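What follows is each chain in one-letter form.
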Amino acid sequence: MTAPTQPVDATSRSGKPVSHTKIIITLLVAAFVVILNETIMGVALPQLMGELQITPGVGQWLSTVFMLTMAVVIPTTGFLLQRLTTRTVFLLAMSLFSAGTLLAGLAPGFTVLLIARVIQASGTAIMMPLLMTTVLGLVPVAKRGAVMGNVSIVISVAPAIGPTLSGLILQFLSWRFMFLLVLPIALIALAYGAVKLVNVGEQSRPKLDFLSILVSVPGFGGIVFGLSQLGEASHGGSMVVAIGALVIGVVSLVIFVWRQTRLYAPGNPLLDLRVFRFPMFRAGVGLLCVAMLALFGTVILLPIYLQNVRGLDPLSTGLLVLPGGVLMGVLAPIVGRLFDRYGPKGLALFGASVMVLVMWGLTTVTPTTPIWQLIGLHLVLSLGLAAMFTPAFTTALNPLPVHLHSHGSAVLSTLQQVAGAAGVALLVTIMTIRSQSALGAGASEVLAQNQGIQLAFGIAALMGIAAIVLAAFLRTTKAEPDEPGEPTAEPEAEPGAAELR
């Protein structure tokens, strides 16, 4: 990422000029660090179970509670971003994350570590909507693809390399260093933002509706928890708990949606669902959800195959999937520039088609498939996902008027979490059911596991067809003007507005 040739300057709290590019880079670095922690625990669980003397079911909560907290907190960010200044929200997010990270690194036992993960996730949940809302406020529509390409690095690459990073750390250091090595970076970002970050957009004074919060917690939290427990149920967990959580979640969400519609007139919805009135928002979010399902499903299934079928250790597994994550990071800015020049449809169609073909190709993996072939398939899949992410969320957010920027970012981030949880739960459940069936038919444990993985990838390929259909509907749109009585519309961008290339 390099600065634009003619950055637009704003005045920081210290009174010195700071370019829009520096603001966005600060948020990008901070968001990358916090999102990285969402998937960093998976590889570490076996070591943690031994050192903390906990069972696999208990240990899994270190990952589940992070995702659960994200799902509960993100819906409130639409309100926070309207009520508080950009700088205040950033300081809140990074302070929570830094405090949680320090507590996790020093945790004497499981309970404190679990609390630390909740605090970490609270800060993480605020950062992504803040980043996207700030980009929408600073960057004109014609230039957003290039900047959103860098944002997609945070969304797609950080979760993908989390297991690799934790595997490398655990090979040489204690699990505590997964947090202690991240802490200095988080603190530097916090300190830099405290001095340099400026406020973007106008504040409003919406009232906080407590009923919305009361039903949003079991609504979004119940859905994500139920989906995660559905995956656990395939490993001997309680199916009753999973179904019960999903039912509570769905009922609570229905009440939540009804409540938000009642709050439109006074202008105080916790999460303004009128973003779904925009066709490109619906199509972009739908495409992003399918992509996240594929990404998180693959992040889970490939390591299972490499470790349980091929017998590789966690570090080797992490290193084998690392090239795909790096490729997505390299391609993201390029895809962003292509988006600005050619629009979303061609890129998204290409990416969705590649994703489906690779998923179908992964149905042929066997215990003797050459490793180079697996790396090649993963690289091509990463290429397809990189071509989908930027067109998906840029097209979704572009048509929203200024007063819906924060709510659109919050809705998009919430559905990302739900889609990721759904991808993991669905594909792991399918894999387990097929594996158990093969075991009952007399197959060896390795072959049974392999057959389960093949079927899971096959189902993922079939679901990917929906991404191809959604991609065909994407088109470039301009931002809609604000409605009467809403905050003033987004001003024309100054020459040289923030652009990350």
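Values in this document were obtained by computation on a predicted structure and should not be read as measured data. (Residues numbered from 1 in each chain as written. Predicted model: local features only at pLDDT ≥ 70, side-chain atom pairs only at ≥ 80, totals over all residues. Heavy atoms only, no water.)

**Student:** Teacher, can you tell me more about the overall build of the chain here?
**Tutor:** A tally of helices and strands in the chain yields 18 helices and 2 strands. Counting only carbon and sulfur atoms, one obtains 68% of the accessible surface of the chain, whose full area is about 19,400 Å². (Helix = DSSP H or I, 4+ residues; strand = E, 2+ residues; numbered from the N terminus. Areas by Shrake-Rupley, 256 points an atom, 1.4 Å probe, with all protein chains shown as cover.)

**Student:** Is there a simple way to think about the confidence of the model for the chain in this case?
**Tutor:** Caution applies to low-pLDDT regions: their predicted coordinates should not be interpreted in detail. Looking at the chain, pLDDT values average 81 and 88% of them are 70 or higher. The element-level mean pLDDT for the chain is lowest in strand β1 (residues 9–11), coming to 43, with helix α6 (residues 86–106) highest at 93. Low confidence marks residues 1–18, where pLDDT is under 50. Its contacts with residues over four positions away, or in another chain, come to 44 contacts. Below pLDDT 50 for its whole length, residues 487–501 participates in 51 contacts with residues either more than four positions away or in separate chains. (pLDDT = per-residue confidence, 0-100. Contact = heavy atoms within 4.5 Å.)

**Student:** Explain the pattern of salt bridges to me, please; I cannot follow it from the model alone.
**Tutor:** Any two side chains of opposite charge can pair, on the condition that their charged atoms come close. Evaluation of the coordinates by the stated rule reveals 2 salt bridges. Asp209 is paired through a salt bridge with Arg259; the nearest N and O atoms lie 2.7 Å apart. Placement of the pair is Asp209 in the loop between α10 (183–196) and α11 (210–233) and Arg259 in helix α12 (residues 239–262), with a sequence separation of 50 residues. Notably, a salt bridge pairs Asp272 with Arg274, separated by 2.7 Å at the nearest N-O pair. Here Asp272 and Arg274 have matching classes, each one buried. (Salt bridge = Lys/Arg side-chain N within 4 Å of Asp/Glu carboxyl O. Buried < 20%, exposed > 50% of the residue type's maximum accessible area, 1.4 Å probe, protein only.)

**Student:** Can you help me understand empty space enclosed by the protein in this one?
**Tutor:** With a probe scaled to a water molecule rolled over the atoms, the places where space remains empty come into view. Counted according to the given criterion, the structure contains 3 cavities of 30 Å³ or more. Forming the walls of the largest cavity are 16 residues, and the residues nearest its centre are Ile35, Glu38, Met128, Gln416 and Gln417. Every element with two or more residues in the lining of the largest cavity is listed here: α7 (110–138), α8 (144–172), α13 (279–309) and α17 (405–440). Its residues assigned to classes, the lining of the largest cavity shows 11 nonpolar, 4 polar and 1 charged. Considered as a void within the structure, the second largest cavity measures approximately 70 Å³ in volume. Lining the second largest cavity, in full, are Leu302, Leu306, Leu320, Val321, Ile371, Leu374, Ile375 and His378. The class makeup of the residues in the lining of the second largest cavity is 7 nonpolar, 1 polar and no charged. (1 Å grid on protein atoms, 1.4 Å probe; cavity = no way out; pocket = protein on both sides within 12 Å on 5 of 7 lines; lining within 4 Å. Points joined across faces, edges and corners; volume = space filled by probe spheres on them. Nonpolar A, V, L, I, M, F, W, Y, C, P; charged D, E, K, R; others polar.)

**Student:** Where do I start with the packing of α13 against helix α16 (residues 371–397) in this structure?
**Tutor:** Angle between the axes and distance between the axes: these two values describe a pair of packed helices. One can describe the packing of α13 onto α16 by two numbers: an axis separation of 8 Å at closest approach and a directional angle of 155°. Classified by the angle their axes make, α13 and α16 are roughly antiparallel. Once α13 is placed against α16, the crossing between them reads as left-handed. Its residues assigned to classes, the contact of α13 with α16 shows 22 nonpolar, 4 polar and no charged. (Axes fitted to C-alpha atoms, helices over the stretch in contact; angles between N-to-C directions. Parallel < 35°, antiparallel > 145°, perpendicular 65-115°, else oblique. Left-handed = near helix turned anticlockwise from the far one by under 90°.)

**Student:** Just checking my understanding: could you explain the environment of Leu347 for this structure?
**Tutor:** Within the secondary structure, Leu347 sits in helix α15 (residues 345–361). Here Leu347 falls in the buried class, since its relative accessible area comes to 14%. Residues Leu347 and Ala392, 45 residues apart in the sequence, show an inter-C-alpha distance of 9.7 Å. Dropping the residues within four chain positions of it, Leu347 is found in contact with Val335, Leu338, Phe339, Ala387 and Pro391.

**Student:** Explain the nonpolar core here, please?
**Tutor:** Counting 130 residues, the largest nonpolar core has Met94, Met127, Val151 and Met355 as the members making the most contacts within it. Excluding residues that lie within four positions of it along the chain, Val151 makes contacts with Leu28, Met128, Leu131, Met132, Val135 and Phe393. Counting residues in each nonpolar core, the second largest holds 18 residues, with Ile40, Met41, Trp175 and Phe179 among its members. (Core = buried A, V, L, I, M, F, W, Y, C linked by side-chain atoms within 4.5 Å.)

**Student:** Whenever I open this one, the environment of Phe457 confuses me. Can you help?
**Tutor:** For Phe457, the location among the structural elements is in helix α18 (residues 445–471). Owing to a relative accessible area of 1%, Phe457 belongs among the buried residues under this scheme. Sequence separation between Phe457 and Leu301 is 156 residues; the distance between their C-alpha atoms is 8.4 Å. Setting aside its immediate chain neighbours within four residues, Phe457 contacts Thr298, Leu301, Leu302, Met359, Leu362 and Thr363.

**Student:** What is the right way to read a nonpolar patch on the surface from this model?
**Tutor:** On the surface, a nonpolar cluster with roughly 550 Å² of combined accessible area is contributed by Met239, Ile243, Val247, Val251, Ile255 and Trp258. Along the polypeptide, Val247 turns up in helix α12. (Patch = residues over 30% accessible without salt bridge, like charges linked within 9 Å, V, L, I, M, F, W, Y side chains within 5 Å.)

**Student:** Explain helix α1 (residues 20–36) here, please?
**Tutor:** Residues spaced three or four apart along an α-helix point in a common direction, a consequence of the helix completing one turn every 3.6 residues. With 17 residues, α1 should cover 24 Å at 1.5 Å per step; its first-to-last C-alpha distance of 24 Å lies within 8% of that length. In terms of burial, α1 is a largely internal element, 13 of the 17 residues being buried. (Expected span 1.5 Å × (residues − 1).)

**Student:** How should the packing of helix α14 (residues 314–342) against α16 be read in this particular structure?
**Tutor:** Across the interface, α14 lies against α16 with an axial gap of 8 Å and an inter-helix angle of 35°. As α14 runs across α16, the sense of the crossing is right-handed.

**Student:** In this structure, what is going on with the side chain of Thr390? I would like to understand it.
**Tutor:** The residue Thr390 is located in helix α16 in this model. Ignoring sequence-local partners within four residues, the contact set of Thr390 consists of Gly145, Met148, Gly149, Ser152, Ala332, Val335, Gly336 and Thr395.

**Student:** Explanation requested: the environment of Ala242 in the structure shown.
**Tutor:** Positionally, Ala242 belongs in helix α12. Classification of Ala242 by relative accessible area gives buried; the value is 0%. Each C-alpha atom of the pair Ala242 and Val224 lies 9.9 Å from the other, and the pair is 18 residues apart in sequence. The residues touching Ala242, leaving out its near neighbours within four places in the chain, are Gly226, Gln229 and Leu230.

**Student:** What should I look at first to understand the side chain of Ser252 in this one?
**Tutor:** Position of Ser252 among the secondary structure elements: in helix α12. The buried category is assigned to Ser252, whose relative accessible area is 9%. Those residues in contact with Ser252 that lie beyond four places of it in its chain are Val215, Pro218 and Gly219.

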